[in-house]
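Analysis of the macromolecular model
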Amino acid sequence: MSGPDVNLILRSTRVVTPEGTRPAAVAVAGGTIDAVLPYDTGTPAGARLEDFGDDVLLPGLVDTHVHVNDPGRTAWEGFYTATRAAAAGGITTLLDMPLNSLPPTTTVEHLRIKQQVAAPKAHVDTGFWGGAIPSNVKDLRPLYEAGVFGFKCFLSPSGVEEFPELDQEQLARSMAEIAGFGGLLIVHAEDPHHLAEAPQRPGPAYADFLASRPRDAENTAIEGLIAHAKRLDARVHVLHLSSSDALPLIAAAKREGVRITVESCPHFLTLTAEEVPDGATEFKCCPPIREAANQDILWAGLADGTIDCIVSDHSPCTTDLKTPDFASAWGGISSLQLGLPAIWTEARKRGHSLDDVARWMSAAPAELAGLTRKGAIEAGRDADFAVLAPDATFTVDPAELFHRNQVTAYAGKTLHGVVRSSWLRGVRIASDGVLAEPAGRLLERDR
């Protein structure tokens, strides 16, 4: 039975719940899911019914890896444009990365600046990661107490001078500090020594760029990260895994009780090195898109649970920074609006269901960040939803994307899965590409 305050019923023949997909009616009261009821439950007096027919009702996606770049590099991206793209793509919650904005989120003062900028612009609920850099160990606990969800660090140069990488001694010091208050360290894991030793050939050839970011750089960095985490009993998360060679290391660490989780990204799971044209630096990211055989093993790692979640690593820039030279072009792929259809297109080919997709792109990222009100269609959670027409197709036109610079590696691709609408706490925030006014809230880590 639903409670007396129910004001909205969302009904579909296919509702993705933690127990599986089934016909259901979802009762919403005050922005919260009140109950998941049988499909033919009557609509209470005074409540509105939204019937989606055979379109799939998914939990709103949670993207814990987004570079919004606001303030400071707002020509690259901003909270208004990034969160519009998120809402249009079925993402109802995102966490902003601490770098590429000026200032970076490395002190409480910098966090407050970012929150002030984001508050009036956010179309979706938005939280923040803090940053761990060599000079701010003293700032980590205050940032955590101010509500950041954890801390990002790099083990190799980040590409921006205001966010330097940690060496192994600095990594251990920051990790010990964060473990001391029960926090989470999320890591861009590429070993700088392997990168320095790799061949560096500027130019438009993708094969040369791929050779400059070898799998060994990821594997060695992850091996070291596991050793530190094991010694310190720290909680760590590997960002944007691209090397399938690291999966056995990670699986073994998990079996041993090391508190490690792992994400991969739509571009690693749907694009391949073999298809990247020379000079097409819209495909450049670090670590890089690797070969099809590597991708197959990443999918196996998702299937067996070694990889926990899929998030975008949306890392945009202005068009002029995507020069045809892979060595000098900015690295980053813009995919906020396209992650769900891109992953669904590949997942359905490989025999996976939308239950799997919802687990990888909603439940698991919510769990990673401790977002206990997000990530599932069940009573007590926020009434955040994405409505997907899973069999409908569309061809990606960059001009129809909402992120600020309409550059994407998916241009011209035909994808399965059209996001019909997105809902945030029971309010429709996107409908067939039409966006409502910003209604997102700023989130802080649950105390």
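These remarks concern the structure in this document. (Residues numbered from 1 in each chain as written. Predicted model: local features only at pLDDT ≥ 70, side-chain atom pairs only at ≥ 80, totals over all residues. Heavy atoms only, no water.)

1. Observations concerning the environment of arginine 14
With respect to the helices and strands, arginine 14 occurs in strand 1 (residues 8-17). Residue classification places arginine 14 among the partly exposed positions, given a relative accessible area of 30%. For the pair formed by arginine 14 and aspartate 54, sequence separation is 40 residues and the distance between their alpha carbons is 6.3 Å. If sequence neighbours within four positions are ignored, arginine 14 has contacts with Thr21, Arg22, Pro23, Asp54, Asp55, Val56, Leu57 and Pro390. (Helix = DSSP H or I, 4+ residues; strand = E, 2+ residues; numbered from the N terminus. Buried < 20%, exposed > 50% of the residue type's maximum accessible area, 1.4 Å probe, protein only. Contact = heavy atoms within 4.5 Å.)

2. Focus: the sheet that holds strand 14 (residues 309-310)
Reading across the sheet, the six strands line up as 9-10-11-12-13-14 and stay open at both edges, with parallel pairing between neighbours. Each of the sheet's edge strands pairs with one partner strand only, and the pair in question is strand 9 (130-131) and strand 14. Two elements, strand 13 (residues 260-264) and strand 14, share two bridges in a ladder whose sense is parallel. Residue glutamate 263 lies in a different strand from strand 14, and its bridge partner there is cysteine 309. Along the sheet, helix 4 (residues 168-180) makes contact with strand 10 (151-154), strand 11 (184-188) and strand 12 (235-238), crossing strand 11 at roughly 150°. (Pairing = 2+ DSSP bridges. Axes fitted to C-alpha atoms, helices over the stretch in contact; angles between N-to-C directions.)

3. What to know about the side chain of serine 212
As for its position among the elements, serine 212 is in helix 6 (residues 206-212). Among the residues examined, serine 212 registers a relative accessible area of 8% and is labelled buried. Residue contacts for serine 212: discarding those within four places in its chain leaves Leu195, Ala198, Pro199 and Gln200.

4. Quick look at the environment of valine 434
Take valine 434: it is sitting in strand 18 (residues 434-435). Residues valine 434 and alanine 86 lie 348 residues apart in sequence; the distance between their C-alpha atoms is 13 Å.

5. Let's talk about the environment of alanine 376
With respect to the helices, strands and loops of the structure, alanine 376 is situated in the loop between helix 12 (354-369) and strand 15 (385-395). For the pair alanine 376 and alanine 280, spaced 96 residues apart in sequence, the C-alpha separation works out to 38 Å. Setting aside anything within four residues of it in sequence, one finds alanine 376 in contact with Pro18, Ile33, Pro59, Ser362 and Arg381.

6. Details of unusual backbone geometry
Cis peptide bonds are those with omega within 30 degrees of zero, and the linkage from aspartate 70 to proline 71 qualifies with 0°. One can find proline 71 in the loop between strand 6 (61-66) and helix 1 (79-88). Note that the residue after leucine 102, namely proline 103, is joined by a cis bond; omega there is 5°. Residue position: proline 103 is located in the loop between strand 7 (91-96) and helix 2 (108-118). In this structure, aspartate 233 takes a positive phi of about 50° despite not being glycine.

7. Side note on the pairing of strand 11
Strand 11 sits mainly inside the fold: five of its five residues count as buried. Burial of strand 11 is two-sided: the residues Leu184, Ile186 and His188 facing one way and the residues Leu185 and Val187 facing the other way are all buried. In this structure, strand 10 lies alongside strand 11, joined through four bridges in parallel fashion. Its bridge partner lying in strand 11, lysine 152 is registered against isoleucine 186. Sheet analysis places strand 11 next to strand 12, joined by four bridges and oriented parallel. Residue pairing across strands places leucine 184 opposite arginine 235, the latter belonging to strand 12.

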